[in-house]
Amino acid sequence: QSENVLGYFVNVERIPNSCSRPPNHISLKDRKILVNISMAYYRLNISAYNEAGESPRAIYIVPEFSVTDLPGQIRVKRQGTNAVVTWTPEYKPKCFVVDWGISKENMHMKIITTATGNFTLDNFQPYKLYKIMVHASDVCQCESFIRHEKTFGVTHFYFIEGVPRTGPANVTILNITKHSALVKWTEIAAEDRLGFLQGYRISYTDSSRKKSPAVTLNTSITSYHLTGLKEKTTYRVQISGFTNAGEGPLTLSQPFSTPKYGTVEPLCICITQHES
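Residues numbered from 1 in each chain as written. Predicted model: local features only at pLDDT ≥ 70, side-chain atom pairs only at ≥ 80, totals over all residues. Heavy atoms only, no water.

1. Some points on the sheet that holds strand β9 (residues 107-112)
Either a parallel or an antiparallel arrangement is found when strands of a sheet pair, and the pairing is made through backbone hydrogen bonds.
And then number 1: Spatially, four strands are ordered β9-β8-β11-β12 in an open sheet, and the strand pairing comes out antiparallel. Strands with a single pairing partner mark the edges of an open sheet, and in this sheet they are β9 and β12 (150-158). Strand-to-strand twist in this sheet, taken as the mean axis angle between neighbours without regard to direction, amounts to 15°. (Pairing = 2+ DSSP bridges. Helix = DSSP H or I, 4+ residues; strand = E, 2+ residues; numbered from the N terminus. Axes fitted to C-alpha atoms, helices over the stretch in contact; angles between N-to-C directions.)

In structure tokens form, the structure reads like this:
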């Protein structure tokens, strides 16, 4: 029914928003709008209107921006029950606007209007990955800065790190030969890490329960080629992940057996006939 539409209302709502006034209310005729926003979370409420009134609102959540080249770098350090945020380079806009939380549904917002070299944040829980965003603005009226803030820096932070609650998933053994095998797995899910994942450890034993030295790998690796195996032997493989707090549980034992013979190579048999 677009032929009956006279225009559109767009509300640009910051998440969270500690300002007392309602979100920005924009009226326009076109079906597109260019909005300059920071890397904070935003919700757009869009409705159409005509002489009879206003339509129900369509709600659109602006997707997260990927962190690109930002002017500043943010550092966060635990201090007692709080966290202290510092940044480089030194920068003193008229005000800072800080967001921190574990998701867009659970974000806190703080406006800092005094010149400062650091600030303190609270409301942290252990073993949760927090996203911390620092925005800068040279307009400090609460209802105006949202349109003027620019993201200065973004970082992630665990108030207290724990060990992973699980090991990696989908452990499989492939390409088994006489003396080698390929181990593959899926990385530990973010919600199960409980800290910054530092890497993986692979442990494997043979049928005589002789344990080989564990192999330590970095987080970017999700496969490993086991070599130096014995022929016609059953092995069991287990993998764990580790953070700065320590090593998590091992995966269930994954058995495989090496064959007695290696890969069969083509064999040529030549028969010569001797005249008698």
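2. What about the environment of Tyr127?
And then number 1: Checked against the element boundaries, Tyr127 lands in the loop between β10 (119-121) and β11 (129-137).
And then number 2: As a C-alpha pair, Tyr127 and Ile37 span 90 residues in sequence and 31 Å in three-dimensional space.
And then number 3: If we skip the residues at most four places from it in the chain, Tyr127 touches Tyr158, Ile160, Glu161, Gly162 and Leu194. (Contact = heavy atoms within 4.5 Å.)

3. Points about the pattern of salt bridges
And then number 1: What the rule picks out here adds up to 10 salt bridges.
And then number 2: In this structure, Arg193 engages Glu187 in a salt bridge whose closest nitrogen and oxygen atoms are separated by 3.7 Å.
And then number 3: By relative accessible area, which is 44% here, Glu187 ends up partly exposed.
And then number 4: Residues Glu247 and Arg201 are paired through a salt bridge, measuring 3.3 Å at the closest nitrogen-oxygen approach. (Salt bridge = Lys/Arg side-chain N within 4 Å of Asp/Glu carboxyl O. Buried < 20%, exposed > 50% of the residue type's maximum accessible area, 1.4 Å probe, protein only.)

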